Amino acid sequence: MKIKIQESEEQKIYVTSDTHFGHNPNWPVPIWESRGFKSVTEHDSIIINSINSVVRPNDILFHLGDFCLNTTIEQFDSYLSRIQCQNIWYLFGNHNNPHEKSIYRKAMGQNRIGPFPIETYPFQYKNMLYIGNRINAILNGQFCVLDHFPIYVWEEMQNGSWMLCGHSHNNCELSRASTTTGKILDVGWDGHKAVWSLKEIYKVMSRKQFVMVDHHRNE
């Protein structure tokens, strides 16, 4: 899937990933504690308030996976209702409970062609629009590949396309904002402590250089 969006004053574009709302495991260390919060409640409230302070109801927020973990449907609905943005465009991550199985899969039913489940995108649920596992997007004229996972070789990279990802919680050197080799960026919460605007991403990417990792050259 490829989409094309141009920002306007009435609708800005933001990107984030790995908010991990409700994630409160006993082992090894709760993510809210590793992020410096006193409780999962404080963690969730501060991140939601931070999002709402920047992203307006009509803006578009790309969320690249791991929205919440270990939550009920009621808790999931509560998180969505607390975020004022009405256009959360969501890619699945590797932690998709409860919304993938209990909402998306249930809505899609059990339709299959042989062993292959039939998936349909986009799919709207409240203020979240499910757009699949990976998407190519032209944002303000810039070709971007969006995926939960960092990818080493992606579409049009030889022509300056961006790889926007999450998953690694700023622990993958390749996708850190400070790494200047390769136009790839982890847009997750841990590396920025806020949602990313396209202007902020452009500033980071302007310092990063294309690195040829296979036979593809500028075309």
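Shown above is the structure to which this text applies.
Right, let's walk through the structure included here. All values derive from a computational prediction rather than experimental measurement.

1. Points about empty space enclosed by the protein
Next up, step 1: Scanning the entire structure with this criterion turns up 1 cavity of 30 Å³ or more.
Next up, step 2: Quantified by volume, the largest cavity comes out at close to 30 Å³.
Next up, step 3: As for the largest cavity, its lining consists of W154, M157, G160, S161, G182, K183, F210 and V211.
Next up, step 4: Here the residues of the lining of the largest cavity sort into 4 nonpolar, 3 polar and 1 charged.

2. Looking at the pairing of strand β11 (residues 162-165)
Next up, step 1: Burial of the side chains of β11 extends over both faces: W162 and L164 are buried on one face and M163 and C165 on the other.
Next up, step 2: Sheet topology places strand β10 (residues 142-147) next to β11; 3 bridges connect them, and they run parallel. Looking at the pairing, L146 lines up with L164 of β11.
Next up, step 3: The sheet contact formed by β11 and strand β12 (residues 184-186) spans 3 bridges and is parallel. By the bridge assignment, M163 is partnered in β12 with I184.

3. Some thoughts on the nonpolar core
Next up, step 1: Within the largest apolar cluster, 26 residues are counted, with the highest numbers of intra-cluster contacts made by F21, I51, F67, F76, I83, M128 and Y130.
Next up, step 2: For this core, the elements supplying multiple residues, two or more each, are α2 (40-54), α3 (73-82), β4 (88-90), α4 (99-108), β7 (123-125) and β8 (128-130).
Next up, step 3: If you look at the next biggest cluster of nonpolar residues, it comprises 25 residues, including I60, W89, W162 and V187.

4. Some points on the state of the cysteines
Next up, step 1: A full pass over the atoms with the stated rule returns 0 disulfides.
Next up, step 2: The thiol of C165 is unpaired, and the distance to the nearest cysteine sulfur, on C172, comes to 7.0 Å.
Next up, step 3: Among the residues examined, C165 registers a relative accessible area of 0% and is labelled buried.

5. Some points on the sheet that holds strand β1 (residues 2-5)
Each strand in a sheet pairs with its neighbour through backbone hydrogen bonds, running either in the same direction (parallel) or in the opposite one (antiparallel).
Next up, step 1: The strand order across the open sheet built from 5 strands is β1-β9-β10-β11-β12, with neighbouring strands paired in mixed fashion. The open sheet has two free edges, formed respectively by β1 and β12, since each of these has just one partner strand. Strand-to-strand twist in this sheet, taken as the mean axis angle between neighbours without regard to direction, amounts to 25 degrees.
Next up, step 2: In this fold helix α6 (residues 198-205) packs onto β9 (134-139), β11 and β12, with an angle of close to 120 degrees to the strand it touches most, β11.

6. Considering the pairing of strand β2 (residues 13-16)
Next up, step 1: Residue alternation in β2 divides its side chains into two sets, I13 and V15 and Y14 and T16, and both sets are buried.
Next up, step 2: Relative to strand β3 (residues 60-63), β2 runs parallel, the two sharing 4 bridges. Along β3, the bridge assignment pairs T16 with H63.
Next up, step 3: As defined by bridge partners, β2 adjoins strand β13 (residues 196-197) across 2 bridges and the pair is classed as antiparallel. Directly across from Y14, in β13, lies its bridge partner S197.

7. Regarding the environment of L146
Next up, step 1: Within the fold, L146 resides in strand β10.
Next up, step 2: C-alpha separation for the pair L146 and R134, spaced 12 residues apart in sequence, amounts to 5.8 Å.
Next up, step 3: Leave out the neighbours within four places in its chain, and L146 touches F62, L64, L91, R134, I135, A137 and L164.

8. Topic: a nonpolar patch on the surface
Next up, step 1: Side chains of Y152, V153, V211 and V213 sit close together on the surface and give an oily, nonpolar patch of about 310 Å² of accessible area.
Next up, step 2: Structurally, V211 is set in the segment after α6.
Next up, step 3: Judged by its relative accessible area of 33%, V211 falls in the partly exposed class.

9. Notes on the side chain of S17
Next up, step 1: Within the fold, S17 resides in the loop between β2 and α1 (31-34).
Next up, step 2: In terms of polar contacts, S17 uses its side chain to reach the side chain of D18, at 2.6 Å.
Next up, step 3: There is a polar contact of 3.3 Å between the side chain of S17 and the backbone oxygen of L64.

Quick notes on the rules
Residues numbered from 1 in each chain as written. Predicted model: local features only at pLDDT ≥ 70, side-chain atom pairs only at ≥ 80, totals over all residues. Heavy atoms only, no water. 1 Å grid on protein atoms, 1.4 Å probe; cavity = no way out; pocket = protein on both sides within 12 Å on 5 of 7 lines; lining within 4 Å. Points joined across faces, edges and corners; volume = space filled by probe spheres on them. Nonpolar A, V, L, I, M, F, W, Y, C, P; charged D, E, K, R; others polar. Buried < 20%, exposed > 50% of the residue type's maximum accessible area, 1.4 Å probe, protein only. Helix = DSSP H or I, 4+ residues; strand = E, 2+ residues; numbered from the N terminus. Pairing = 2+ DSSP bridges. Core = buried A, V, L, I, M, F, W, Y, C linked by side-chain atoms within 4.5 Å. Disulfide = S-S within 2.5 Å. Axes fitted to C-alpha atoms, helices over the stretch in contact; angles between N-to-C directions. Contact = heavy atoms within 4.5 Å. Patch = residues over 30% accessible without salt bridge, like charges linked within 9 Å, V, L, I, M, F, W, Y side chains within 5 Å. Areas by Shrake-Rupley, 256 points an atom, 1.4 Å probe, with all protein chains shown as cover. Salt bridge = Lys/Arg side-chain N within 4 Å of Asp/Glu carboxyl O. Polar contact = N/O pair within 3.5 Å; in protein donor to acceptor, adjacent residues only side chain to side chain.

It is worth stressing that arrangement in space is one thing and function is another; only the former is reported here.
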